[in-house]
Amino acid sequence: MVPIGVPVEHVIALAVALFVIGVLGVLLRKSVIVMLMSVELMLNAANLLFVVFAERWGVARGQTISFFVMAVAAAEAAVGLAILIGVFRTHNTTDVDELRDLLEQS
Amino acid sequence: MSESYLPIFILFFVTLGIGGAMLGLAYVLGPRKPSAIKEMPFEFGSPNIGTARERFSVKYYVTAILFLVFDIESVFIYPWAVLFRELGWFGFVEMLVFVAFILVGLVYVLRKGALEWE
Amino acid sequence: MDVFVFYAAAAITLLGASMVLVLANPLRAAMALILSLGALSVIYVLLHAQFVAVMQLLVYAGAIIVLFVFVIMLLNLEDPKTRRSWPWVAGVFTIIGGLSYGLARGLMVDDNQFITSGPPHVNALSKDYGTVEQVGREIMTTFVLPFEMLSVLLLVAVVGAVVISKKRL
């Protein structure tokens, strides 16, 4: 088996683009659910880098780490969405512009 | 490399083709005589109650969380099962500890009554 | 063939991710996320990470997105009234394209430390590279402690989620 004939820079560019989309999703979107989805995108960009460098180095350790990243992503989504449900119950919204209790008295 | 995945591609397109052909042929060949009753979404024969956009109970969320956790568990049990003979007793104890921790979570959820239906 | 599939899958990945960023309806964003992560698993297969690809589908499409869709149904979020303005979208994608292209160009410079340092790139992979046996052996032997810690993390996630989401205790 040989590594895929794609320059590693292109894979890095893909990972960077995914990560930037994730960052912009967290910064620009108002819905907390979509912000959490964007966090998943960022974690996947990191996973992609782990996998591609594992392949270029010929060592599978990067793939092993990506499993732990996946499990952490699952735990993060579970707790994050639970917090979202709790917040929605008291404030009846998931719009971050309306959730200002820590910022000022509403 | 991707040539060895050709069967999966074929399976993918055959599945897509059969599904598309079923819907497409039914659309092209089937007679359509729409009426108000026929246009109703089918539930179980009786008139519909509300819409599908109804809010679900939060109780279902705990079920979904448990599914997620056991899904992750299965991800790690699968390579363990493949390597079971090679790892021997070390692997057995290792997985026992792993499952025990997750079992604590399940027992907690059960004791809290989060899975009980009222 | 491999290279062509890679670029096609990369394009679909970016398309799905962009739709997550742009689509107003959270349910549609979740479906776009499945598209993106599914195409990413094709890239994992091409990078000789078959097991990671399968588990990516199992964990993300099978569990995490299900959780997201569950929460969207639980909260019954209505479609936001605001419409995306196209200059806004164009500006965002200019930033994305500029950053990723800039980094890719920067890495292609020959005397770049990031690429030239470190172990040399291999020309051949071992026969069992990326198989369940090889990855599983690493998880079960080298990474025993992180593996066990992971069960504690999942326990914490279950307990935390139940405590936070349950109305009365």
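Note that the structure is a prediction, hence the values are computed from the model and not measured.

1. Thoughts on the overall build of chain A
Phase 1: When you go through chain A residue by residue, the secondary structure sums to three helices and zero strands.
Phase 2: Taken from N to C terminus, the helices and strands of chain A fall in the order α-α-α.
Phase 3: Taken over C-alpha atoms, the radius of gyration comes to 18 Å for chain A, far larger than the 13 Å a tight globule of 106 residues would show.
Phase 4: A principal-axis box enclosing the C-alpha atoms of chain A has dimensions of 60 × 25 × 15 Å.
Phase 5: Each of the 106 residues in chain A was classed as buried or not, and the buried ones make up 56%.
Phase 6: If you take every contact in chain A between residues at least 6 apart in sequence, the share linking residues at least 24 apart comes to 45%.

2. Let's talk about the interface of chain C and chain A
Phase 1: Every contact between the two is made by 67 residues of chain C and, on the other side, 58 residues of chain A.
Phase 2: Contributions of two or more residues to the side of chain C that touches chain A are made by helix H1 (2-22), helix H2 (26-46), helix H3 (50-75), helix H4 (86-108), helix H6 (132-142) and helix H7 (144-165) of chain C.
Phase 3: Broken down by class, the residue content of the side of chain C that touches chain A amounts to 54 nonpolar, ten polar and three charged.

3. So, helix H1 (residues 6-29) of chain B
Phase 1: With 24 residues, H1(B) should cover 34 Å at 1.5 Å per step; its first-to-last C-alpha distance of 33 Å lies within 8% of that length.
Phase 2: By the criterion of burial, H1(B) is predominantly exposed, with just zero of the 24 residues buried.

4. Description of the confidence of the model for chain A
Phase 1: Of the residues in chain A, 94% reach a pLDDT of 70 or more, and the chain-wide mean stands at 84.
Phase 2: The lowest-confidence element of chain A is helix H1 (residues 8-28) of chain A, averaging 85 in pLDDT; the highest-confidence one is helix H2 (residues 32-57) of chain A, averaging 90.

5. Details of the packing of helix H4 (residues 84-112) of chain B against H7(C)
Phase 1: The geometry of H4(B) relative to H7(C) is characterised by a closest axis approach of 9 Å and an angle of 5° between their N-to-C directions. Comparing their axes, H7(C) and H4(B) come out roughly parallel. Residues B:Glu94, B:Val97, B:Phe98, B:Phe101, B:Ile102, B:Val104, B:Gly105, B:Tyr108, B:Val109 and B:Lys112 of H4(B) form the contact with H7(C), whose own contacting residues are C:Val144, C:Phe147, C:Glu148, C:Ser151, C:Val152, C:Leu154, C:Leu155, C:Val158, C:Val159 and C:Val162.
Phase 2: Here the residues of the contact of H4(B) with H7(C) sort into 15 nonpolar, two polar and three charged.

6. Digging into the interface of chain C and chain B
Phase 1: Taken together, the contacts link 39 residues of chain C with 39 residues of chain B.
Phase 2: Of all the elements in the fold, those that place two or more residues in the side of chain C that touches chain B are H1, H2, H3, H6 and H7 of chain C.
Phase 3: Per element, the largest residue contribution to the side of chain C that touches chain B is 13 residues, and it comes from H7(C).
Phase 4: Broken down by class, the residue content of the side of chain C that touches chain B amounts to 29 nonpolar, five polar and five charged.

7. Focus: unusual backbone geometry
Trans is the common state for peptide bonds, and a negative phi is the common state for residues other than glycine.
Residue and element names in this part refer to chain C.
Phase 1: Positive phi, close to 60°, is recorded for His48, a residue that is not glycine.
Phase 2: Looking at the element boundaries, His48 is found in the loop between H2 and H3.
Phase 3: For His48, a count of 24 C-beta atoms within 10 Å corresponds to the buried category.

8. Points about the packing of H2(C) against H3(C)
All names here are of chain C.
Phase 1: One can describe the packing of H2 onto H3 by two numbers: an axis separation of 9 Å at closest approach and a directional angle of 175°. Classed by the angle they form, the pair H2 and H3 counts as roughly antiparallel. On the side of H2, the interface is formed by Pro26, Leu27, Ala30, Leu33, Ile34, Leu37, Gly38, Leu40, Ser41, Tyr44 and Val45, while H3 contributes Gln50, Val52, Ala53, Gln56, Leu57, Tyr60, Ala61, Ile65, Phe68, Val69 and Ile72.
Phase 2: Class assignment for the residues of the contact of H2 with H3 results in 18 nonpolar, four polar and no charged.

About the cut-offs
Residues numbered from 1 in each chain as written. Chains lettered and ligands numbered in written order. Predicted model: local features only at pLDDT ≥ 70, side-chain atom pairs only at ≥ 80, totals over all residues. Helix = DSSP H or I, 4+ residues; strand = E, 2+ residues; numbered from the N terminus. Rg over C-alpha atoms; globule rule 2.2 N^0.38 Å. Buried ≥ 20, exposed ≤ 12 C-beta atoms within 10 Å, placed from the backbone. Contact = placed C-beta atoms within 7 Å. Nonpolar A, V, L, I, M, F, W, Y, C, P; charged D, E, K, R; others polar. Expected span 1.5 Å × (residues − 1). pLDDT = per-residue confidence, 0-100. Axes fitted to C-alpha atoms, helices over the stretch in contact; angles between N-to-C directions. Parallel < 35°, antiparallel > 145°, perpendicular 65-115°, else oblique.

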